[in-house]
Amino acid sequence: MNAFKQVGLLYRFGFKKEWLKLSFWLLGCLGFVFVGVFAYTTIYAAPSDREAMAVAMSNPAMEALFGNMIGANDYTVGAMYSHTMTIMTLSLVAISSILLIIRNTRVEEENGRIELLQALPVGRLAHTASAVSHLLSYTLVLGCLSTLLLIVFGDASMSLEGAVLSGSLYSMSSLFFGSLALLLAQLTSSSRSATATSFSLLGVFYVLRIIGDASASFLTFLSPLGLLYHAEAFVTNRWWPVVILLLISLVLLYIAFYLQTKRDLGSGLLPARSGNNHASSILLNPYGFVLRLMKTPLIIWTVSMMILALTYGSVMGDVESLIAGNEVIEQIIVGESTNKIIAEFLTIIIAVLSIATVIPAVQVMIKLVSEEKQDRLQYQISGTRSRAHILTVFMAVSIGSLLVIQVVQLATFAIVAGSVQDFITIKEIFLSGIVYLPAMSIFVGIAALLYGWKPKLISVIWMILSYNFFILYFGNLFDMPEWLKFLSPFYLTPDYLGGESVFLPLIIMAISAISFIVIGIIGFKKRDLMQG
């Protein structure tokens, strides 16, 4: 039988299942591109503002985060966009492609769907080929629409060739990391291992680029992120990194398809790591069990937030030169004196870090959804523990991780930012972030509410979180109505550095979060469990 028989039918079938998730990821990535190009063309239209930005971005910490300075002699909007947005966008696209491939290959195997499909007259590689076809479609649409956004909203410095090259860079990141994830899916023993290994390699490539940019330049070219960054869209417009990564991606796809013909369904070619002979006593405790499930992502998020806080904190000494005289930035943060503007700039950065800290806490709740879909939750509920108790345990771990990560990243940011400027103390910076905890808890409460009543809609929480980020950054710039801003808990949080001492909103938000949790528990007790 043809190994790819009925791939078109499976592609259409898979698209009906995947179109919503693909649309969300596509809109998210395109939104990220739009926000970057629109913000830069609006805020940094004046050459003097771009020169100040170039000085601030020359900070070693910022170069580690975004990449070495490019176009320094003529820091146009195009050069600024390529310098500051390329690595972040490539990483975001990589994450989306890794999840797409793993979700449509190894997850489908573990759910038993591929076994059912292969009982029908379809080719052995047809399902994998359909998943790769989804990746290629996503990659092509993302590249084309990104190019279109850059052409439409870019300024004169953003040439047609640079826009096409930028879109091609995003497409190559998607194709490479999707191909890499497919290869790892053949080697590892489970979807969880394949996902963890893929993200670990993404992190390794990111670190290799940082080390290569700082000292050993050859390491930069061993990282696909560093390789694509050297294309320098809108500056030198080099196409050879795209060609090289395209060839590597095709080789990875060929190897992945070949290896799939050599392994059994539901297993990997590499042997699974042997577990302990005896389970740890911590697994006897529900809290320890949940922590064990979420240990790896929570550790990764904690370290990532510390690095992000360290990076942002290190540039606080350059803020005054960065924002001096920039009317658009002053409009965003609505300040008066220089110290007032810097204080409000600090407040915005802390709010952004706080929004990012919400993500791992929400992931704990989403893990509960996957446990239920995989029919594992029923074994917990069928024992001596009630539904309310199980949900409370996940909620406690979610809120606990929220608190720990927030304290860790705030302490890092406060110490670093407090050491590079002298008019705001470390204590004040730390407390200005602590006041966001009630607002952050609301999102955990909303996740509990959605899970309790409509678990299939729990992904809506990401849209709500994105809305809060948009309000925080662009609410004043776009002169949005106050009632829209009031929908954001972060907007309602008192500005501690600005001298606001009205803490009634914090009490209301804390009560709201608790109410959402209670309502979610009630809904969970009333509904039936989902079936995988």
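Residues numbered from 1 in each chain as written. Predicted model: local features only at pLDDT ≥ 70, side-chain atom pairs only at ≥ 80, totals over all residues. Heavy atoms only, no water.

Draft legend 1. Spotlight on the overall build of the protein. From N to C terminus, the protein includes 23 helices and zero strands. Taking 532 residues into account, the globule formula puts the C-alpha radius of gyration at 24 Å, and the protein, at 24 Å, falls close to it. With respect to the three principal axes, the spread of C-alpha positions in the protein is 70 × 60 × 45 Å. For the protein, the proportion of its 532 residues judged to be buried stands at 51%. In the protein, 77% of the contacts between residues at least 6 apart in sequence involve partners at least 24 apart. Looking at the protein as shown, the accessible area adds up to about 24000 Å², and 67% of this sits on carbon and sulfur atoms. Across the protein, 31 positive and 30 negative side-chain charges occur, with their mean positions spaced 20 Å apart. (Helix = DSSP H or I, 4+ residues; strand = E, 2+ residues; numbered from the N terminus. Rg over C-alpha atoms; globule rule 2.2 N^0.38 Å. Buried < 20%, exposed > 50% of the residue type's maximum accessible area, 1.4 Å probe, protein only. Contact = heavy atoms within 4.5 Å. Areas by Shrake-Rupley, 256 points an atom, 1.4 Å probe, with all protein chains shown as cover. Lys, Arg positive; Asp, Glu negative; His and termini not counted. Charge placed at Lys NZ, Arg CZ, Asp CG, Glu CD.)

Draft legend 2. Inspection of the nonpolar core at higher detail. In terms of nonpolar packing, the biggest core is built from 72 residues, with Tyr-75, Tyr-81, Leu-142, Leu-150, Leu-169, Tyr-170 and Phe-177 touching the most fellow members. Broken down by element, the residue count for this core peaks at 14 residues, all from helix 8 (residues 160-187). Beyond its immediate chain neighbours, meaning those up to four positions away, Leu-142 contacts Leu-26, Cys-29, Leu-30, Val-93 and Tyr-170. Ranked by size, the runner-up nonpolar core spans 68 residues in total, among them Ala-356, Val-364, Ala-414 and Tyr-436. (Core = buried A, V, L, I, M, F, W, Y, C linked by side-chain atoms within 4.5 Å.)

Draft legend 3. Spatial organisation of the packing of helix 4 (residues 77-104) against helix 9 (residues 191-214). Remark: helix 4 packs on helix 9, axes separated minimally by 10 Å, with the N-to-C direction vectors making an angle of 165°. Comparing their axes, helix 9 and helix 4 come out roughly antiparallel. Seen along the crossing, helix 4 lies across helix 9 with a hand that is right-handed. Contacts from Ile-87, Met-88, Ser-91, Ala-94, Ile-95, Ile-98, Leu-99 and Ile-102 of helix 4 reach helix 9 at Ser-191, Ala-194, Thr-195, Ser-198, Phe-199, Leu-202, Tyr-206 and Arg-209. (Axes fitted to C-alpha atoms, helices over the stretch in contact; angles between N-to-C directions. Parallel < 35°, antiparallel > 145°, perpendicular 65-115°, else oblique. Left-handed = near helix turned anticlockwise from the far one by under 90°.)

Draft legend 4. Up close: a positive patch on the surface. A cluster of basic side chains, namely Lys-21, Lys-373, Lys-454 and Lys-456, defines a positive patch on the protein surface. Along the polypeptide, Lys-373 turns up in helix 15 (residues 338-373). (Patch = residues over 30% accessible without salt bridge, like charges linked within 9 Å, V, L, I, M, F, W, Y side chains within 5 Å. Salt bridge = Lys/Arg side-chain N within 4 Å of Asp/Glu carboxyl O.)

Draft legend 5. Region of interest: helix 19 (residues 437-453). Taking 1.5 Å as the rise per residue, helix 19 with 17 residues should run 24 Å; its terminal C-alpha atoms sit 25 Å apart, in good agreement. With respect to burial, helix 19 is a largely interior element, 15 of its 17 residues being buried. (Expected span 1.5 Å × (residues − 1).)

Draft legend 6. Highlighting helix 12 (residues 286-314). With 29 residues, helix 12 should cover 42 Å at 1.5 Å per step; its first-to-last C-alpha distance of 40 Å lies within 8% of that length. Maximal helix bending in helix 12 amounts to about 60°, located at Met-294; proline Pro-297 follows within four positions. (Bend = angle between axes of the 7 residues up to and from the residue.)

Draft legend 7. A look at unusual backbone geometry. Positive phi, close to 70°, is recorded for Gln-6, a residue that is not glycine. In this structure, Gln-6 sits in the segment before helix 1 (7-43). Overall, the relative accessible area of 34% leaves Gln-6 in the partly exposed class. Of note, Asn-237 is a non-glycine position whose phi angle comes to about 55°, a positive value. Residue position: Asn-237 is located in the loop between helix 10 (224-229) and helix 11 (240-260). On the accessibility criterion, Asn-237 (15% relative accessible area) is buried.

Draft legend 8. Local environment of the domain arrangement of the protein. Segmentation of the protein into domains returns domain 1 (9-38 + 85-262) and domain 2 (281-526). One C-alpha centre belongs to domain 1, the other to domain 2; they are set 28 Å apart. Taken together, the contact between domain 1 and domain 2 spans five residues of the former and six residues of the latter. Carbon and sulfur atoms make up 63% of the area that domain 1 and domain 2 hide from each other, which totals about 600 Å². On the domain 1 side of the contact with domain 2, Val-35, Phe-38 and Arg-192 bury the most area, a combined 62% of that side's loss. Our count for the contact surface shared by domain 1 and domain 2 stands at zero salt bridges. Summed over the shared surface of domain 1 and domain 2, the result is one residue pair in polar contact (both at pLDDT 80 or more). Among the elements that make up the side of domain 1 that touches domain 2, the one with the highest residue count is helix 1 (three residues). Taken together, the residues of the side of domain 1 that touches domain 2 break down into three nonpolar, one polar and one charged. (Domains from an automatic or database assignment. Buried area = accessible area lost by both parts, 1.4 Å probe. Polar contact = N/O pair within 3.5 Å; in protein donor to acceptor, adjacent residues only side chain to side chain. Nonpolar A, V, L, I, M, F, W, Y, C, P; charged D, E, K, R; others polar.)

Draft legend 9. Molecular detail of the packing of helix 8 against helix 11. Remark: helix 8 packs on helix 11, axes separated minimally by 8 Å, with the N-to-C direction vectors making an angle of 25°. Between helix 8 and helix 11, the interaxial angle falls into the category roughly parallel. Here the hand of the crossing between helix 8 and helix 11 comes out left-handed. Here Leu-165, Ser-168, Leu-169, Met-172, Leu-175, Phe-176, Ser-179, Leu-180, Leu-182, Leu-183, Gln-186 and Leu-187 of helix 8 come into contact with helix 11, specifically with Val-242, Leu-245, Leu-246, Ile-248, Ser-249, Leu-252, Leu-253, Ile-255, Ala-256, Leu-259 and Gln-260. Among the residues forming the contact of helix 8 with helix 11, the class breakdown is 18 nonpolar, five polar and no charged.

Draft legend 10. Structural view of the state of the cysteines. Inspection of every chain in the model, using the stated rule, returns zero disulfides. Left unpaired, Cys-144 is separated from the closest cysteine sulfur, that of Cys-29, by 15 Å. (Disulfide = S-S within 2.5 Å.)

Draft legend 11. Inspection of the environment of Val-243 at higher detail. Along the chain, Val-243 falls in helix 11. Residue Val-243 is classed as partly exposed on the basis of its relative accessible area, which comes to 46%. When the C-alpha atoms of Val-243 and Leu-219 are compared, they prove to be 19 Å apart, with 24 residues separating the residues in sequence.

Draft legend 12. Just the side chain of Asn-104, in detail. Within the secondary structure, Asn-104 is located in helix 4. Taking relative accessible area as the criterion, Asn-104 reaches 3% and is therefore assigned buried. Looking at Asn-104, its side chain comes within polar contact range of the side chain of Glu-18, at 3.4 Å. In this structure the side chain of Asn-104 is engaged in a polar contact, spanning 2.8 Å, whose partner is the backbone oxygen of Leu-100.

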